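Report on the structure
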Amino acid sequence: DQQVKQNSPSLSVQEGRISILNCDYTNSMFDYFLWYKKYPAEGPTFLISISSIKDKNEDGRFTVFLNKSAKHLSLHIVPSQPGDSAVYFCAASTYNFNKFYFGSGTKLNVKP
Amino acid sequence: KAGVTQTPRYLIKTRGQQVTLSCSPISGHRSVSWYQQTPGQGLQFLFEYFSETQRNKGNFPGRFSGRQFSNSRSEMNVSTLELGDSALYLCASSLGPSSRGANVLTFGAGSRLTVL
């Protein structure tokens, strides 16, 4: 049962433009969300988090938006850089537990 | 500050064998989680240990087991290997459930298991 879904397996964006990665979840008990970036042959690297008490969180070029009613979150990268090319995973959990449900990932390609 | 260390990085086994993977968390991190990554499947939660106790468990058969030692280091074991167990096994550590911001997982580079 896939409780977290990333429906776009890949995304291609021009350098300098905005990248928008989407993530949907089905479990209304999820109240804590993370985004990770993964390069080949490396473990996932934490990017940004958001809890359900917020609808937006920013960290430099990265902004995560949460729409609880739609059970949808998105990661915006502005401006996109070639070094951002990687696989991006969203993950969801309830705040008191370390059991995270991950999406299947979106491969972002930022073209120079 | 050293990151999460996983050993071995690569290994090849045959069906029916067993394997043990090791994970050393970041110093001060008391929670260790294990995930399996297969192509197109994302990361599937295996289990989580905190203070030597399994706190959470995913939907994997009993062939998959783990443990945590008093120094927070963790091992996972897979017995009677099957072809479908070929995957990247990722270990992640975090401070623990009682710390604010504790739920940010820091991952190791993974152990790539190939079952022939």
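Here, every reference points to the structure presented above.
What comes next concerns the included structure. These numbers were taken from a predicted model, which means no experiment stands behind them. (Residues numbered from 1 in each chain as written. Chains lettered and ligands numbered in written order. Predicted model: local features only at pLDDT ≥ 70, side-chain atom pairs only at ≥ 80, totals over all residues. Heavy atoms only, no water.)

1. Topic: the state of the cysteines
Residues and elements named next belong to chain A. What the rule picks out here adds up to two disulfides over all chains. Between the sulfur atoms of C23 and its disulfide mate C90 the distance is 1.9 Å. Note on the C23 and C90 pair: the S-S dihedral is about 70°, so by sign convention the disulfide is right-handed. Pair noted here: C23 is in strand β3 (residues 19-25) and C90 is in strand β9 (residues 86-93), with a separation of 67 residues, a long-range link. Assigned by exposure class, C23 and C90 land together as buried. (Disulfide = S-S within 2.5 Å. Helix = DSSP H or I, 4+ residues; strand = E, 2+ residues; numbered from the N terminus. Buried < 20%, exposed > 50% of the residue type's maximum accessible area, 1.4 Å probe, protein only.)

2. Description of the nonpolar core
Within the largest apolar cluster, 23 residues are counted, with the highest numbers of intra-cluster contacts made by F33, W35, L73, L75 and Y88 of chain A. Contributions of two or more residues to this core are made by β3, β4 (32-38), β5 (45-51), β7 (62-67), β8 (72-77), β9 and β11 (106-111) of chain A. The element contributing the most residues to this core is β9 of chain A, with four residues. Residues in contact with F33 of chain A, not counting those within four places in the same chain, are Y25, I48, S49, I50, L66, L73, A91 and A92 of chain A. Judged by nonpolar contacts, the second largest core, of 21 residues, contains V4, F60, M76 and A87 of chain B. (Core = buried A, V, L, I, M, F, W, Y, C linked by side-chain atoms within 4.5 Å. Contact = heavy atoms within 4.5 Å.)

3. Remarks on the sheet that holds β7 of chain A
Residue and element names in this part refer to chain A. If you trace the five strands from one edge of the open sheet to the other, you get β1-β3-β8-β7-β6, paired in antiparallel fashion. Of all strands in the sheet, those bounded by a partner on one side alone are β1 (4-5) and β6 (56-59). Alignment of β6 against β7, held across four bridges, turns out to be antiparallel. Bridging across to β7, E58 finds its partner in T63. (Pairing = 2+ DSSP bridges.)

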